[in-house]
Amino acid sequence: MSSLLVDDIGELVTNDPVGGEGGPLGVRRDVALLVEDGRVAWVGPARDAPAADRRVDAGGAAVLPGFVDSHAHLVFAGDRAAEFAARMAGQPYTGGGIRTTVGATRAASDDELRATVRRLRDEALRQGTTTIEIKSGYGLTVADEARSLAIAAEVSEETTFLGAHVVPAEYADRPDDYVGLVCGPMLAAAAPHARWIDVFCERGAFDADHTRAILTCGQAAGLGVRVHANQLGPGPGVQLGVELGAASVDHCTHLTDTDVDALASTRLDNGHTATVATLLPGAEFSTRSPYPDARRLLDAGVTVALATDCNPGSSYTSSMPFCLALAVREMRMTPAEAVWAATAGGARALRRDDVGVLRPGARADLMILDAPSHLHLAYRPGVPLIRQVLRNGVPQ
Ligand code: NIG
Ligand code: FE
């Protein structure tokens, strides 16, 4: 059994507030953390640290759980920089560009797609992301969705079938047939490589009936439910997600009181909501749209996660620190709320209790900052503050 001691930790964010100490982030000071076989084995005062085979000296800096990015679209080809430039000159975002990326993705080889997924996964890892959910959704044929998920599954266990991203051009005048394809042969080919199913429930994409039909088929095939909901305008996505027991409803930019009440009604005995609201401020940044009202959700007791939505159209960033800084500055989350949402919140959105937290038994996924406190992540935006990342206890 190999062991590693992370020593001289000035501030440790555990997300495990034992007896309410250290606030909601369970912050502990002047501690060490022992890793054995990729898991956290012990956390305690530095002076009591046990011997270990190897040692990593945190030099008095802050150590946090690795970020859990619970929403990313990494399997695609090409980019849409020109579309971004047009938006910055005043064009609105409609999601219409998705079909451009579908064309490029279908034309790409497996190796080209694989290289992009790995490049973005590595980029995210360097910025502290140790768990990343990856969606399909730019293939939209049976073969292209299946290969997208197979390539995603090579680098992540959190893979999501998003065959219902938009209706592809060849089905534009017969969307019911496309829903039949998604629920039938496409789901059958995708499910072996996927843990989740997702639908873009939005005007111009999939309506309530189509969304319910697709999510229900996915559930019957053993997949967990997540929904792209209420991004571009009000709609049925959030309430449908709650009705179907979704782990997360994502975007949540345009919510009614009924939507917020529905999310709050999923509250569990542990104080979290079974359905998490995942907010994606990179999308509002890149589409120059109003940010979601995080305070309204938090004040209603809804569990909130932060994620990147990394994709070539609406949010081409893999940076959780950037999204966290946006959430603090633009969405009035406190730095502690944003750090929690980007780590433990993402884990809840993926129904995981082994990541996003640093306590004995959890995966030893963590980052050492070039800073004395987690506050610096939002306080020093745009600065490369992630000094070292450990994944499964292995320095990356
Ligand atoms: O989550 N909204 C739907 N899907 C992506 C955007 C996809 C694209 O524009 O290529 C999103 O923002
Ligand atoms: Fe998305």
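The coordinates are above.
Residues numbered from 1 in each chain as written. Chains lettered and ligands numbered in written order. Predicted model: local features only at pLDDT ≥ 70, side-chain atom pairs only at ≥ 80, totals over all residues. Heavy atoms only, no water.

Moving on: the overall build of the chain. Looking only at helices and strands, one finds 13 helices and 17 strands in the chain. Scaling as 2.2 N^0.38, a compact globule of 396 residues should have a C-alpha radius of gyration of about 21 Å, and the chain matches this with 21 Å. Looking at the chain residue by residue over its 396 residues, the buried ones come to 57%. Once local pairs closer than 6 in sequence are excluded, the contacts in the chain between residues at least 24 apart make up 72%. (Helix = DSSP H or I, 4+ residues; strand = E, 2+ residues; numbered from the N terminus. Rg over C-alpha atoms; globule rule 2.2 N^0.38 Å. Buried < 20%, exposed > 50% of the residue type's maximum accessible area, 1.4 Å probe, protein only. Contact = heavy atoms within 4.5 Å.)

Moving on: the site of ligand 1. Around ligand 1, 15 residues are found, and the nearest of them are R80, Y93, Y138, Q231 and S314. Interatomic distance of 2.5 Å between a side-chain N/O atom of S314 and an oxygen atom of ligand 1. Bound to the protein, ligand 1 loses 100% of the 320 Å² it would expose on its own. Counting atoms within 2 Å of the grid points, the majority share of ligand 1 lands in the largest cavity. Taken together, the residues that form the shell around ligand 1 break down as four nonpolar, nine polar and two charged. (Near = heavy atom within 4 Å. Polar contact = N/O pair within 3.5 Å; in protein donor to acceptor, adjacent residues only side chain to side chain. Areas by Shrake-Rupley, 256 points an atom, 1.4 Å probe, with all protein chains shown as cover. 1 Å grid on protein atoms, 1.4 Å probe; cavity = no way out; pocket = protein on both sides within 12 Å on 5 of 7 lines; lining within 4 Å. Sits in = over half its atoms within 2 Å of the grid points. Nonpolar A, V, L, I, M, F, W, Y, C, P; charged D, E, K, R; others polar.)

The next thing to look at is the coordination of the iron ion (ligand 2). Around the iron ion (ligand 2), the donor atoms from the protein are H71 (NE2), H73 (NE2), H228 (NE2) and D309 (OD), and they sit 2.0 to 2.2 Å away. Sequence positions of the donors to the iron ion (ligand 2) reduce to the motif H-x1-H-x154-H-x80-D. Linking H73 in the loop between strand 6 (67–69) and helix 1 (81–88) with H228 in strand 11 (residues 224–229), this pair joins segments that are 155 residues apart in sequence. The same class applies to H73 as to H228, namely buried. (Donors = N, O, S within 2.8 Å, 3.2 Å for Na, K, Ca; no water.)

What follows concerns the sheet that holds strand 11. Ordered in space as 8-9-10-11-12-13-14, the seven strands form an open sheet in which the pairing is parallel. Unpaired on one side and paired on the other, strand 8 (134–135) and strand 14 (304–306) mark the two borders of the sheet. Note that strand 13 (residues 276–279) and strand 14 share three bridges and pair parallel. In the strand pairing of strand 14, T278 is matched with A305. (Pairing = 2+ DSSP bridges.)

Here the focus is the pairing of strand 9 (residues 159–164). Counting buried positions along strand 9 yields six of six residues, so the element is predominantly enclosed. One ladder, built from two bridges, connects strand 8 with strand 9; its direction is parallel. Among the inter-strand pairings, I134 is bridged to a residue of strand 9, identified as T159. As paired strands, strand 9 and strand 10 (residues 196–201) are joined by three bridges and run parallel to one another. When the sheet's bridge partners are listed, F161 is paired in strand 10 with I197. In this view, the connection linking strand 9 to its parallel neighbour strand 10 by way of helix 5 (residues 175–190) has right-handed handedness. (Right-handed = clockwise from strand over helix to strand, strands pointing away.)

Of note in the backbone geometry, D30 takes a positive phi value of approximately 55 degrees without being a glycine. Here D30 lies in strand 2 (residues 27–36). Residue D30 is classed as exposed on the basis of its relative accessible area, which comes to 56%. With a phi close to 55 degrees, R351 is a non-glycine residue in the positive phi region. Its location among the elements puts R351 in the loop between helix 12 (335–349) and strand 15 (366–369). A residue is classified by how much of its surface remains accessible, and R351, at 43% relative accessible area, is partly exposed.

What follows deals with the packing of helix 5 against helix 6 (residues 208–220). Relative to each other, helix 5 and helix 6 sit at 10 degrees, their axes nearing to 10 Å. With respect to their mutual orientation, helix 5 and helix 6 come out roughly parallel. Residues P175, D176, V179, V182, C183 and L187 of helix 5 lie in contact with helix 6, whose contacting residues are H210, A213, I214, C217 and G218. The residue inventory of the contact of helix 5 with helix 6, partitioned by class, reads eight nonpolar, two polar and one charged. (Axes fitted to C-alpha atoms, helices over the stretch in contact; angles between N-to-C directions. Parallel < 35°, antiparallel > 145°, perpendicular 65-115°, else oblique.)

What follows covers the nonpolar core. Formed by 92 residues in total, the largest nonpolar core has its most connected members in F161, Y178, F206, L297, L306, L324 and M333. Among the elements that line this core, the one with the most residues is helix 5, at seven residues. In this structure, M333 is in contact with A294, R295, L298, V304, L306, A327, V328, A338 and A341, ignoring residues within four places of it in sequence. Membership of the second largest hydrophobic core comes to 18 residues, among which are L4, V43, L358 and L390. (Core = buried A, V, L, I, M, F, W, Y, C linked by side-chain atoms within 4.5 Å.)

So, about the pairing of strand 1 (residues 3–13). Across the eleven residues of strand 1, ten count as buried, placing the element largely inside the fold. Pairing geometry for strand 1 and strand 2, over eight bridges, is antiparallel. Residue pairing in the sheet places E11 in a bridge with R29 of strand 2. As judged from the four bridges shared by strand 1 and strand 4 (residues 54–57), these two strands associate in the parallel manner. By the bridge assignment, V6 is partnered in strand 4 with V56. Sheet analysis places strand 1 next to strand 5 (residues 62–65), joined by two bridges and oriented parallel. Within strand 5, the position partnered with L12 by the bridge is V63.

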